[in-house]
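Residue-level listing of the chains:
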Amino acid sequence: MTETPPPADGETPLERRLIELIRASGPISIADYMADCLGHPQHGYYMKQAPFGAQGDFTTAPEVSQMFGELIGAWLLDSWRAMGEPGRVNLIELGPGRGVLMADILRTAKLRPAFLQALQVHLVETSGRLRFEQERRLRDAPVKPAWLDDLSEAPEGPTLIVANEFFDCMPIRQYERGKAAWRERLVGLDRTGERLALMLSGVNTEPEDAPGWLETAAPGDVYETSRDARELAELICEIFAHDIGRALIIDYGHARSGFGDTLQAVKAHAYWPPLATPGEADLTAHVDFGALARVALDNGASAFGPIPQGVFLRRLGLIERAAQLKQAADAEQAGNIDAAVRRLASEDQMGTIFKAFCLSSPRLSIPPGFDRL
Ligand code: SAH
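From a predicted model like this one, the values you see are computed outputs, not experimental measurements. (Residues numbered from 1 in each chain as written. Predicted model: local features only at pLDDT ≥ 70, side-chain atom pairs only at ≥ 80, totals over all residues. Heavy atoms only, no water.)

Thoughts on the overall build of the protein
Thinking step 1. Of regular secondary structure, the protein possesses 13 helices and 16 strands.
Thinking step 2. The globule rule puts the C-alpha radius of gyration for 373 residues at 21 Å, and the 21 Å found for the protein is close to it.
Thinking step 3. Overall size of the protein, expressed as C-alpha extent along the three principal axes, is 65 × 45 × 35 Å.
Thinking step 4. The buried share of the protein, taken over its 373 residues, is 54%.
Thinking step 5. Taking the intrachain contacts of the protein between residues at least 6 apart in sequence as the baseline, contacts between residues at least 24 apart amount to 76%.
Thinking step 6. Summing over all exposed atoms, the protein offers an accessible surface of approximately 16,500 Å²; the carbon and sulfur share of this is 50%. (Helix = DSSP H or I, 4+ residues; strand = E, 2+ residues; numbered from the N terminus. Rg over C-alpha atoms; globule rule 2.2 N^0.38 Å. Buried < 20%, exposed > 50% of the residue type's maximum accessible area, 1.4 Å probe, protein only. Contact = heavy atoms within 4.5 Å. Areas by Shrake-Rupley, 256 points an atom, 1.4 Å probe, with all protein chains shown as cover.)

Below, the structure is given as structure tokens:
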């Protein structure tokens, strides 16, 4: 995925609305731009596109192979055991996409009927279109899910949370360091007044949630921060202060907080200019796991990782599971299994840039696959 295609001609309906809004009331934050591009009720990317798979714009780990969801299913089962095998446990997935991960998790859960019986499955999804796909895929699943608009609506009680490629959709703000101060990067209009363009705010602003290391910034450095990601992590930590549980968060991002512009758009499996076709390309940013770990520290929860996805999946038994599946496979299927292992775990594919991270009740020990932070 290297080519950057030229921007498409013609403007998208969301672009027209944003241009009018900016003309009327001035530039908007990158966070507001991202939130509209992804979640606008009529024009948002997840509301109307079919993003996933070969025909779509990108392929996520559960869509690469059933092994991903099976290993996570085993991780969740192990966590339920560590929680003392409660008779009822919430299993909450944030942003389930086409429902593939949950289908694989629930199939794996069948191996332990007491676990399956304990599960109360909740899917947090804002897109009606994707809810429909999830409902269809999980129609024959051994547990019927319920849908929530927001994690805050989840019932109390022991809780397991799983989120794959969810935090990367959380809107970010960007700040650029000048000689002596920070200015926010905004989405405004170019000289023609007809196209969206990135620009610097006319006023200096201290970044939101400024950690101490921001003092090391040199002119031109960009600092990104996501209030939505922090608030979501806070909510998870609040749940775990009250009820026993663990959250497994898998996403692409950096282990150490640092400077850099990571806003990126993807369309038809290629990088795409982030401002070119609002609402018609996926728009994400690297997850700052360091910031999430700080939230855990401030809220009395434990954090583990992040560790590279390849390391995590191997520790959970990826190679053994692949060998097991290959025993019943023909030569072509065996080749596909090997290719999936490479895709999920090798360094030059999803193995290193994607990372696994865990937030947990302080009472629980180190989760499978992780080391202490
Ligand atoms: N976890 C899936 C899909 C990742 S794409 C997979 O790995 O294949 C992101 C998912 O999060 C989509 O289902 C999208 O509709 C959903 N989503 C994005 N922002 C959301 C929000 N603020 N609240 C709830 N769901 C959201």
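Following the structure, the description resumes.
Quick look at helix α8 (residues 128-137)
Thinking step 1. Those residues of α8 not exposed but buried are L130, E133 and Q134. Down the axis of α8, the buried side of the element spans an arc of 100 degrees, and every buried residue falls inside it. Set apart from the buried face of α8 by more than 90 degrees, the exposed residues are G128 and F132.
Thinking step 2. Contacts from the buried residues of α8 go to α3 (45-48), β3 (119-124) and β4 (146-148). (Arc of directions from axis to C-beta.)

Topic: the confidence of the model for the protein
Thinking step 1. When pLDDT is averaged along the protein, the result is 94, and 97% of the positions lie at 70 or above.
Thinking step 2. Across residues 2-8, confidence stays below pLDDT 50; counting only partners more than four residues off in sequence or on other chains, it has 14 contacts. (pLDDT = per-residue confidence, 0-100.)

Comments concerning the packing of helix α5 (residues 66-82) against helix α6 (residues 100-109)
Thinking step 1. Two elements in contact, α5 and α6, have axes separated by 8 Å at closest approach and are oriented at 55 degrees. As summarised for this structure, α5 and α6 are arranged oblique, according to the angle between their axes. Between α5 and α6 lies a crossing of right-handed hand. Contacts between α5 and α6 involve Q66, F68, G69, E70, I72, G73, A74 and L76 on the former and, on the latter, L101, D104, I105, R107 and T108. (Axes fitted to C-alpha atoms, helices over the stretch in contact; angles between N-to-C directions. Parallel < 35°, antiparallel > 145°, perpendicular 65-115°, else oblique. Left-handed = near helix turned anticlockwise from the far one by under 90°.)

Focus: the environment of L214
Thinking step 1. Locating L214 in the fold gives a position in the loop between β8 (196-204) and β9 (222-225).
Thinking step 2. As for L214 and W182, which are separated by 32 residues in sequence, their C-alpha atoms are 10 Å apart.
Thinking step 3. Here L214 is in contact with W182, P207, Y223 and F259, once residues within four sequence places are set aside.

Comments concerning the sheet that holds strand β13 (residues 282-284)
Thinking step 1. One open sheet accounts for three strands, arranged β12-β11-β13; its pairing is antiparallel. Bordering the open sheet on either side are β12 (270-272) and β13, each of which pairs with just one other strand. Adjacent strand axes in the sheet meet at a mean angle of 40 degrees, parallel and antiparallel pairs treated alike.
Thinking step 2. Note: strand β11 (residues 264-267) against β13, three bridges, orientation antiparallel. Residue pairing for β13: V266 is matched across the bridge by D282. (Pairing = 2+ DSSP bridges.)

Regarding the packing of aromatic side chains
Thinking step 1. Summed over the entire model, instances satisfying the criterion amount to eleven aromatic pairs.
Thinking step 2. Geometrically, the ring pair formed by W213 and Y223 is edge-to-face, given 5.6 Å between the ring centres and 80 degrees between the ring planes. Here W213 is found in the loop between β8 and β9, whereas its partner Y223 is found in strand β9, with ten residues between them in sequence.
Thinking step 3. What makes Y223 buried here is its relative accessible area of 1%.
Thinking step 4. Here F289 and F357 contribute two aromatic rings whose centre-to-centre distance is 5.4 Å and whose plane-to-plane angle is 45 degrees, an arrangement assigned as tilted. Of this pair, F289 sits in helix α10 (residues 289-298) while F357 is found in strand β16 (residues 354-360), placing the two residues 68 residues apart along the sequence. This pair shows no difference in class: F289 is buried, exactly as F357 is.
Thinking step 5. Aromatic ring contacts, followed pair by pair, group W182, W213, Y223 and F259 into a single cluster.
Thinking step 6. Directly above the aromatic system of W75 lies the positively charged group of R246, at a separation of 5.8 Å from the ring centroid. (Phe/Tyr/Trp six-rings, centres within 6.5 Å; stacked < 30°, edge-to-face > 60°. Lys NZ or Arg CZ within 6 Å of the ring centre and 35° of its normal.)

So, the pattern of salt bridges
Thinking step 1. Taken as a whole, this structure holds 23 salt bridges when the rule is applied.
Thinking step 2. A salt bridge links R195 to E15, with the nearest nitrogen and oxygen atoms 3.5 Å apart. Note that R195 is positioned in the loop between β7 (182-189) and β8 and E15 in helix α1 (residues 13-25), a separation of 180 residues in sequence.
Thinking step 3. Residue E15 is classed as buried on the basis of its relative accessible area, which comes to 1%.
Thinking step 4. Overlapping salt bridges bring together R173, E184, E208, D209, R227, R230 and R294 as one network. (Salt bridge = Lys/Arg side-chain N within 4 Å of Asp/Glu carboxyl O.)

Here's the deal with the side chain of T262
Thinking step 1. Its place among the elements puts T262 in the loop between β10 (245-254) and β11.
Thinking step 2. Those residues in contact with T262 that sit more than four places away from it in its chain are Q174, E224, H254, T284, A285 and H286.

A look at helix α11 (residues 309-316)
Thinking step 1. Looking at α11, one finds that the buried residues are Q309, G310, F312, L313 and L316. Along the axis of α11, the buried positions cluster into a sector of 165 degrees, meaning they face one direction only.

Details of the nonpolar core
Thinking step 1. Core analysis: the largest hydrophobic core is formed by 50 residues, its most contacted members being I72, L91, L106, L119, F312 and F370.
Thinking step 2. Element by element, the count of residues in this core is highest for α5, at eight residues.
Thinking step 3. When neighbours within four sequence positions are excluded, L91 is seen to be in contact with L76, M102, I105, L106, L119, Q120, V121, H122 and L160.
Thinking step 4. The next biggest cluster of nonpolar side chains, apart from the first, holds 30 residues, and it includes A233, F289, V295 and A303. (Core = buried A, V, L, I, M, F, W, Y, C linked by side-chain atoms within 4.5 Å.)

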